[in-house]
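# Overview (structure and organization)
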Amino acid sequence: MTGTAPAGSARHAEIVLPVPVPRTYTYAIPDGLAERVVPGARVVVPLRRCQVVGVVAAVDAPAPAVAAKPIAAAPDAEPALSPALVQLGHWISRYYGTPIGLALRALLPGALWSVRRPAGPAEHVERVLVLTRTLPSLLERERAFKRAPKRRVAYQALEALGGSAPVRHLVTQLGLSRAALDGLVKQGFARYADVPRARDPFAGLSSPPPPTLTDAQRAVVSAILDTPPDMPALIQGVTGSGKTLVYLDVLRRVVASGSGAILLVPEIALTPQTVARVRGVFGDEVAVLHSGLSDGERADAWRALRRGERRVAVGPRSAVFAPVQRLAAIVVDEEHEPSYKQGTAPRYHARDAALVRAKLEGARAILGSATPSLETLHLARTGGVRLFELPERIGARPLPPVQVIDLRSAPRAAEARAIPWSEPLDEAVRGALSRGEQVILLLNRRGFATYLQCSSCGDVRACPQCAIALTVHQTPPALRCHYCGHEAPIPSACGLCGKETQRMRGLGTQQLEHFVGLRFPEARIARMDLDTTSTKWAHHRILERVAQGKVDILLGTQMIAKGLDFPNVTVVGVVDADTGLHLPDFRAAERTFQLVAQVAGRAGRGPRGGRVFVQTRAPDHHAIRAAAAHAVTDFAAAELPLRAPPHPVYPPHVGLARFVAADDDPVAAARAAEQVAAWLRRANAERLAGALTVLGPAPCPIVRLKGRWRWHVLVKSAEPRALGRVVRAWGRGRGAGAGGGLVVVDRDPVSLL
Ligand code: ADP
Ligand code: ZN
């Protein structure tokens, strides 16, 4: 149509707006903006009485019946989204059944969607409280805080947070009183300081040059480079096999030839250690897109990549959309990590988006893990991905032997009482401490105790908003809901029968910390879980102390299982391997295997070797056995048949989508789910020749969350197209219809709770 419009009549463009509407909007192109209004460009357009940022989907659109308003501005000299990224947005929209506006919104940093301040807000300083003196032993603590229990709570909270924390966080999030904080300062244990908010923790890192590759690493690098670029690679390398150096060497060659690259890592694994290694190879060519960036900094990093000033992007999930120029490789480290799946629309999986983007741009995709997901292993078996193995650790170090301890029969250490703390683990920890070595203890349950129960009537304190027991916390003391954040004081009497017989049940990390502190009073202990890492950089500070040898025992939730490389760790204990084993989710065994195998891999990375102790009540479970043998292949061989007939079929044998209906009214939620199920069954019979299996509706395992009742319908199919059709159809038309507004579609869900 170009050029055929009669002189004087305006040209029109179709604009995608970042709203959940499955259509584009038509605007007129003013003559002065014609050059900048091209597909992928950001534009500012009037919408009702406001202005919003949109992205051009197409130009030379037919003129609408009603006169269209003109585009107000086109701020960028170059289109913000390359054609490949626009196509990736369309794939996300189609595959996940998300309106294109929401899909494109995910592709650009938030600040670039703001009309008023496209560069984001300015920096601020904030007041923090910093510990100045530590009280390593329990005895000293008793003495110092004898008549000031609140100060002691404040002290311990600060210590747990890595030694410093914003005052605002301590007061508003943790409920500590200002008087207690002032008291700590007066006693000389802490001081106040004003620091710029969101200081880049990676700013002053020294970056050593990378070591020379081992023969095994070099072999994998050249085998990958010899593979056609359109064939994705999976590096399955045992823990400590040096996968990172392999990624970096492949990327180094790519960048040396003038191209760009992306390295995706789980947020929690984006440690100073990792960043230093990447900087050691790429220097200033790398942009680190960590979650601590302010909106303005994020937009700056985005622009530097877009202009080609930086050629390598490193970051978690959303870095898959980094506007790297001449993209030639995308690496997805720890590809099995569930954190690669976004929990809100668009519910994309960064690994899968990476595979699609690589294909669109002719780039290599390289996935890596010691414990690959069954989906990726299945792809490797069926030829969709080529497998490269690193079966040995660097320096031919052995993988640590794993002792499985049966908690049902193993002797408990004296004084352990209800704590699952066996004699073999106790002795191993004591031995390591006496030799000046470090210990890692995994317990994947935060809080002090799992729940509070009245031993007279059996009542358990539950969250008033969620169908979930409240967790008992001690630093600071409260009952907390781990799903919605609801908080209540710890009651002294039962809410139902009034008796003062409240018992704490189930071990959490805070109680484990307390117990280990009493048992090994000289040991310096650090706890790492969501509660101690809720402030910025807290987990870096904790890990830094471990790296410097200032911590003897690091204990925590799954956070400590990931990527840590501390050569002085000789003992790893899994205090209770069964915390996730019996969840009503078909991936429960897979997650347990991955968690235990990963944390086991933290031991024995130095010359002193290491040992692992796994405490469990299911010593014969295939997930535990395979993890104890560091054997992915064994696990897959045992698990894959359990997801195929005669058992209920699950991924990777079929694709899965989940429709969740949620509403304040339980009847409305159930009814909406019934409507979805009926609609799916009709579509299946009438249009899809029975390609789908529709399960439900059924109440979700967590039937009430944040005050809303939840029902779900699961849809399985061996035909991705059939799944795609219902997911899209629902997202397009049905979503707006009766009851549809309550329903969320999640394709390839990583959780079924
Ligand atoms: P993985 O990610 O496979 O668990 P890492 O990449 O963390 O393993 O490497 C494990 C350790 O081995 C790290 O401390 C790393 O610095 C070291 N390492 C890796 N490659 C080499 C090499 N070629 N020479 C010496 N040390 C290496
Ligand atoms: Zn709740």
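Cut-offs and rules
Residues numbered from 1 in each chain as written. Chains lettered and ligands numbered in written order. Predicted model: local features only at pLDDT ≥ 70, side-chain atom pairs only at ≥ 80, totals over all residues. Heavy atoms only, no water. Helix = DSSP H or I, 4+ residues; strand = E, 2+ residues; numbered from the N terminus. Buried < 20%, exposed > 50% of the residue type's maximum accessible area, 1.4 Å probe, protein only. Contact = heavy atoms within 4.5 Å. pLDDT = per-residue confidence, 0-100. Near = heavy atom within 4 Å. Areas by Shrake-Rupley, 256 points an atom, 1.4 Å probe, with all protein chains shown as cover. Nonpolar A, V, L, I, M, F, W, Y, C, P; charged D, E, K, R; others polar. Pairing = 2+ DSSP bridges. Axes fitted to C-alpha atoms, helices over the stretch in contact; angles between N-to-C directions. Arc of directions from axis to C-beta. Parallel < 35°, antiparallel > 145°, perpendicular 65-115°, else oblique. Left-handed = near helix turned anticlockwise from the far one by under 90°. Core = buried A, V, L, I, M, F, W, Y, C linked by side-chain atoms within 4.5 Å.

Relative to the helices and strands, Ala-603 resides in the loop between helix H16 (588–600) and strand S25 (611–616). Residue classification places Ala-603 among the buried positions, given a relative accessible area of 0%. Separated by 429 residues in the primary sequence, Ala-603 and Leu-174 have C-alpha atoms spaced 34 Å apart. Setting aside residues up to four positions removed in sequence, Ala-603 forms contacts with Arg-393, Pro-400, Val-569, Val-572, Arg-611 and Val-612.

Mean pLDDT over the protein stands at 90; residues scoring 70 or higher make up 95%. Within the model, pLDDT remains below 50 along residues 1–8, and this stretch shows two contacts once partners closer than five positions in the same chain are excluded. Across residues 735–740, confidence stays below pLDDT 50; counting only partners more than four residues off in sequence or on other chains, it has eight contacts.

With that settled, the discussion passes to unusual backbone geometry. Most of the time, phi is negative for any residue but glycine, and the peptide bond is trans. For the bond running from Ala-345 to Pro-346, omega is -5 degrees, close enough to zero to count as cis. Turning to its location among the elements, Pro-346 is positioned in the loop between strand S12 (327–333) and helix H11 (350–361). Residue Pro-697 is bonded to the preceding Gly-696 through a cis peptide linkage, with omega at 10 degrees. Along the polypeptide, Pro-697 turns up in strand S27 (residues 692–705). One non-glycine residue, Arg-326, adopts positive backbone phi at about 45 degrees. When you line up the elements, Arg-326 lands in the loop between strand S11 (312–315) and S12. Accessibility expressed as a relative area gives 57% for Arg-326, which makes it exposed.

Moving on to the site of ligand 1. Contacts to ligand 1 come from 17 residues, most closely from Thr-212, Gln-217, Gly-240, Lys-243 and Asp-565. Against a free-state accessible area of 560 Å², the protein chains account for coverage of 76% of ligand 1. Of the residues forming the shell around ligand 1, the biggest block, three residues, is contributed by helix H8 (residues 243–256). Residues of the shell around ligand 1, tallied by class, amount to five nonpolar, eight polar and four charged.

Bringing the sheet that holds strand S14 (residues 386–390) into the picture now. What the seven strands build is an open sheet, ordered S10-S11-S9-S12-S13-S8-S14; its pairing is parallel. The outermost strands of the open sheet, each flanked by one partner alone, are strand S10 (286–288) and S14. Along the sheet, successive strands turn relative to each other by an average axial angle of 15 degrees, direction set aside. Both strand S8 (residues 233–237) and S14 contribute to a ladder of five bridges, which runs parallel. From the neighbouring strand, Gly-237 faces S14, where its bridge partner is Leu-390. Against the sheet, H8 engages S8, strand S9 (260–264), S11, S12, strand S13 (364–369) and S14, with an angle of about 170 degrees to S12.

Of the positions making up helix H18 (residues 632–639), those classed as buried are Val-632, Phe-635, Ala-636 and Glu-639. Buried residues of H18, viewed axially, fall in a sector of 95 degrees; they line one side. Those residues of H18 that are buried lie in contact with S8, helix H12 (374–381), H16 and helix H17 (622–628).

A few words on the packing of helix H7 (residues 215–226) against H8. The geometry of H7 relative to H8 is characterised by a closest axis approach of 9 Å and an angle of 45 degrees between their N-to-C directions. In terms of axis orientation, H7 runs oblique to H8. At the point where H7 passes H8, the crossing takes the right-handed sense. On H8, the residues that touch Gln-217, Val-220, Val-221 and Leu-225 of H7 are Leu-245, Val-246, Asp-249, Val-250 and Arg-253. Of the residues that constitute the contact of H7 with H8, the class distribution is six nonpolar, one polar and two charged.

Counting 91 residues, the largest nonpolar core has Leu-264 and Leu-554 as its most contacted members. Once residues lying within four places of it in the same chain are set aside, the contact partners of Leu-554 are Val-439, Ile-440, Leu-441, Ala-526, Met-528, Ile-542, Leu-543, Val-546, Ile-560 and Leu-564. Of all hydrophobic cores here, the second largest spans 32 residues; its members include Val-254, Ala-261, Phe-282 and Ala-328.

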